Amino acid sequence: DQQAKLLSFCQNRSCTSVGSNQIDLVDARVISATNRDMDARIRSGLFREDLYYRIRDIRIHLPPLRERQEDILPLVHHYLSRLASRFKIPQPSISDELGRLLLRHEWPGNLRELESCIRMMLETHRGVSELTPSCLPDDILSERAAPRVKGDLSCGGHSAGLG
């Protein structure tokens, strides 16, 4: 039912607000993303073929973060800068060892997981000048996600939330 409504919107560029009978013309674009096999969903009847061809004008394939390893560290620095500014704290650097662990992680949650990881490190290790492997959330350090690093993993002894 919702797919039929979206198709109608895409074709007519109009919609009706909830509780209204007035049709409003809308100048908007529909941007959609999926990690699903759309051909299989169309074959199985889970997705309307006519809607698929209406919304797939421009296709951009963006591989998962684990396949774009060269993007990981620049994204880490981007999130560090943005979040440190938001939290009004000095931007810490990352140790080489932490950088290697971040590059080894599979990032099944892609950018959201990476941003969440950086946010958690900043929130739980406020005041450190350098983030090290011990600053990583436990799930990233786990055997499943990335091998533990042996040796001194101290994070400067500072730990305070940003509240």
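So, a few notes on the structure that sits alongside this text. Not measured: the values here are computed from a predicted model.

This brings us to the overall build of the protein. If you tally the helices and strands in the protein, you get seven helices and four strands. In sequence order, the secondary structure elements of the protein are arranged as α-β-β-α-α-α-β-α-α-β-α. Burial statistics for the protein: of 163 residues in total, 33% are counted as buried. Intrachain contacts of the protein at a sequence separation of at least 6 include 60% that bridge at least 24 residues. About 11,200 Å² of surface is accessible on the protein, with carbon and sulfur atoms providing 48% of the total.

A word on helix H6 (residues 110-124). The first and last C-alpha atoms of H6 sit 21 Å apart over 15 residues, in line with the 21 Å expected at 1.5 Å per residue. Within the sequence span of H6, burial applies to Glu 113, Leu 114, Glu 115, Cys 117, Ile 118, Met 121 and Leu 122. Considering only its buried residues, H6 is in contact with helix H4 (69-87), helix H5 (96-104), strand E4 (130-131) and helix H7 (138-141).

Counting 26 residues, the largest nonpolar core has Leu 102, Ile 118, Leu 131 and Leu 136 as the members making the most contacts within it. Those elements that provide at least two residues to this core are H4, H5, H6 and H7. Core analysis: the second largest hydrophobic core is formed by nine residues, Phe 9, Met 38, Ile 42 and Tyr 52 among them.

With that out of the way, let us pick up unusual backbone geometry. The phi dihedral of Arg 13 falls on the positive side, at around 55°, and the residue is not glycine. Mapping Arg 13 onto the fold places it in the loop between helix H1 (2-12) and strand E1 (14-16). A relative accessible area of 37% places Arg 13 in the partly exposed class. Its identity is not glycine, yet Asn 110 carries a phi of approximately 55°, on the positive side.

A few words on the packing of H4 against H6. Running from N to C, H4 and H6 point in directions that differ by 50°, and their axes come no closer than 9 Å. By the angle class used here, H4 and H6 are oblique. Considering only the axes of H4 and H6, their crossing is right-handed. Residue-level inspection shows Ile 72, Leu 75, Val 76, Tyr 79, Leu 80, Arg 82, Leu 83, Ala 84, Arg 86 and Phe 87 of H4 in contact with H6, the latter providing Leu 111, Leu 114, Glu 115, Ile 118, Arg 119, Leu 122 and Glu 123. A breakdown of the residues in the contact of H4 with H6 according to their chemical character gives 12 nonpolar, no polar and five charged.

On to the layout of surface pockets. Within this model, the largest pocket holds a volume of roughly 1,600 Å³. When residues of the lining of the largest pocket are traced back to their parent elements, those giving at least two are H1, helix H2 (38-43), helix H3 (49-55) and H6.

A few words now on the side chain of His 105. Positionally, His 105 belongs in the loop between H5 and H6. In terms of polar contacts, His 105 uses its side chain to reach the side chain of Glu 113, at 2.9 Å.

Further remarks concern the environment of Arg 29. In this fold, Arg 29 is placed in the loop between strand E2 (23-25) and H2. Considering only alpha carbons, one finds Arg 29 and Arg 13, 16 residues apart in sequence, at a separation of 9.4 Å.

What follows covers the side chain of Ser 95. With respect to the helices and strands, the residue Ser 95 is situated in the loop between strand E3 (93-94) and H5. Residues contacting Ser 95, with those up to four places away along its chain left out, are Glu 130, Leu 131, Thr 132 and Pro 133.

Parameters at a glance
Residues numbered from 1 in each chain as written. Predicted model: local features only at pLDDT ≥ 70, side-chain atom pairs only at ≥ 80, totals over all residues. Heavy atoms only, no water. Helix = DSSP H or I, 4+ residues; strand = E, 2+ residues; numbered from the N terminus. Buried < 20%, exposed > 50% of the residue type's maximum accessible area, 1.4 Å probe, protein only. Contact = heavy atoms within 4.5 Å. Areas by Shrake-Rupley, 256 points an atom, 1.4 Å probe, with all protein chains shown as cover. Expected span 1.5 Å × (residues − 1). Core = buried A, V, L, I, M, F, W, Y, C linked by side-chain atoms within 4.5 Å. Axes fitted to C-alpha atoms, helices over the stretch in contact; angles between N-to-C directions. Parallel < 35°, antiparallel > 145°, perpendicular 65-115°, else oblique. Left-handed = near helix turned anticlockwise from the far one by under 90°. Nonpolar A, V, L, I, M, F, W, Y, C, P; charged D, E, K, R; others polar. 1 Å grid on protein atoms, 1.4 Å probe; cavity = no way out; pocket = protein on both sides within 12 Å on 5 of 7 lines; lining within 4 Å. Points joined across faces, edges and corners; volume = space filled by probe spheres on them. Polar contact = N/O pair within 3.5 Å; in protein donor to acceptor, adjacent residues only side chain to side chain.

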